[in-house]
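Results of the structural survey
Okay, here's what each chain looks like letter by letter:
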Amino acid sequence: MASITTTSASTFGSVDARWPFVYNAGNLAEHLGIFEQAVLIALVRPQTELGKEGYGRAILKEVEHRLQRSVAAGAIYSTLDRLEAKGLVRSELGPGTPVRGGRPKRHYRIQPAGLRALNAAREATDKLWTGIRLPVKGVS
Amino acid sequence: MRDHRPIIGDLIEEYREVVRPARGPTRAALWFVGQLLSLVRPWMWGVLLGMALGTLNLVSALVAPLAEDDPPGVLALAAVVLGSWIVIGFVAARRRRDISDSVRAGVIAAVLTTGIFSAANLLRKVLFLDVIRHRSDWQGLLLRFEASGSPDLKSFVVTEHLHGLIGGLLFSILIGAVCGAIGGAVGVRPRGVRDRRAESVQ
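Just so you know, these numbers come straight off a predicted model, no measurement behind them.

Structural notes on the overall build of chain B
From N to C terminus, chain B includes 9 helices and 0 strands. Going from N to C terminus, chain B has its helices and strands arranged as α-α-α-α-α-α-α-α-α. Within the span of chain B, comprising 202 residues, buried residues form 29% of the whole. Contacts in chain B between residues far apart in sequence, at least 24 positions, make up 83% of those at least 6 positions apart.

A word on the environment of Val81(B)
All names here are of chain B. When you line up the elements, Val81 lands in helix H4 (residues 71-96). Judged by local crowding, Val81 falls into the buried class, with 22 C-beta atoms found within 10 Å. For Val81 and Leu53, which are 28 residues apart along the polypeptide, the C-alpha to C-alpha distance reads 9.0 Å. Beyond its immediate sequence surroundings of up to four residues, Val81 is in contact with Leu49 and Thr113.

Concerning the packing of helix H4 (residues 56-67) of chain A against helix H5 (residues 73-85) of chain A
Residues and elements named next belong to chain A. Two elements in contact, H4 and H5, have axes separated by 10 Å at closest approach and are oriented at 110 degrees. The angle between H4 and H5 places the two elements in the roughly perpendicular class. With respect to the hand of their crossing, H4 and H5 are arranged in right-handed fashion. Contact residues: H4 offers Gly56, Ile59, Leu60 and Val63, while H5 offers Ala73, Ile76 and Tyr77.

Topic: the confidence of the model for chain B
All names here are of chain B. Scored by pLDDT, chain B has a mean of 87; 93% of the residues are at 70 or more. Element-level mean pLDDT values for chain B span from 44 in helix H9 (residues 194-198) up to 94 in helix H1 (residues 5-23). Of the regions scoring below 50 in pLDDT, residues 193-202 engages in 12 contacts with residues more than four places distant in sequence or in other chains. As scored by the predictor, the complex reaches a pTM of 0.64 and an ipTM of 0.71.

Observations regarding the interface of chain B and chain A
Opposite the 23 residues of chain B that make contact, chain A presents 23 residues. Contributing elements (two or more residues each) for the side of chain B that touches chain A: H1, helix H2 (25-39) and H4 of chain B. Counting residues per element, the side of chain B that touches chain A draws most heavily on H1(B), which supplies 12 residues. Grouping the constituent residues of the side of chain B that touches chain A by class yields 8 nonpolar, 4 polar and 11 charged.

Procedures and definitions
Residues numbered from 1 in each chain as written. Chains lettered and ligands numbered in written order. Predicted model: local features only at pLDDT ≥ 70, side-chain atom pairs only at ≥ 80, totals over all residues. Helix = DSSP H or I, 4+ residues; strand = E, 2+ residues; numbered from the N terminus. Buried ≥ 20, exposed ≤ 12 C-beta atoms within 10 Å, placed from the backbone. Contact = placed C-beta atoms within 7 Å. Axes fitted to C-alpha atoms, helices over the stretch in contact; angles between N-to-C directions. Parallel < 35°, antiparallel > 145°, perpendicular 65-115°, else oblique. Left-handed = near helix turned anticlockwise from the far one by under 90°. pLDDT = per-residue confidence, 0-100. Nonpolar A, V, L, I, M, F, W, Y, C, P; charged D, E, K, R; others polar.

Here it is, written out as structure tokens:
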């Protein structure tokens, strides 16, 4: 089983105790999928007024805006749950509004570990694409 | 247990502020149901389908234990199950537009459906053994039992069932993957831009 090395733990922070298995925190960037990155970016740099509010629907709209396609609600909420379980985001309940039938809003905030993971994901992608011209052409 | 009120609140807010004005009540209602369905995880669908089929099997054994299987009925039931796994693959693909999600969802749902249905079927065999052993499609099993020298029919039936279950689960993995891939192939296709224009971010 993989373990947390001193270097990777200091780079990426501690592993959340609720996470059901020990994983190599040094590989966190590889574990951050495109969709998880989109959700984290939506929390860090919202481009829409609604997106700045940082609750579920606002994040969904922000991700749709960035990806330029519609996204199912289930994808957003399951991703947020997963990110929260990894300790990359935190959430708290806020007051509801009449249009929501008084139901509370769950506001999300990115955590330092989330920022580190996002930066690491970007670094990994940049390294991967270094020296490759776009568009990529196949070998005939 | 996670509090679902914020999620429902988000959906109601979107429904009232954007979707209903843009799409009208009928299509907005379909949108709402679709969003709710997207919240249900593949394993939950598998469990629900397995429980529904298992219950149907037990009830039919209770009502008419000696009734012969109706081939068109069995085919229709199989079509419903395969169709459900395809829909599960489709819904999974809609989440992230990733066909691997669909294949995984199809396999999870198929294994759980098969496992739970098989457990219910085993229960049916144990509970109604004295009656259903007289069914015509059980005579081959009874001949195998007599040839085996096994002292107890119930133990023999359970053992045969469990041996069959291993193959059944392996087969369900294959079929679930295929069904998930079929649903996923449809689900990963991009949606039209018409509604996106109407529902642009406020």
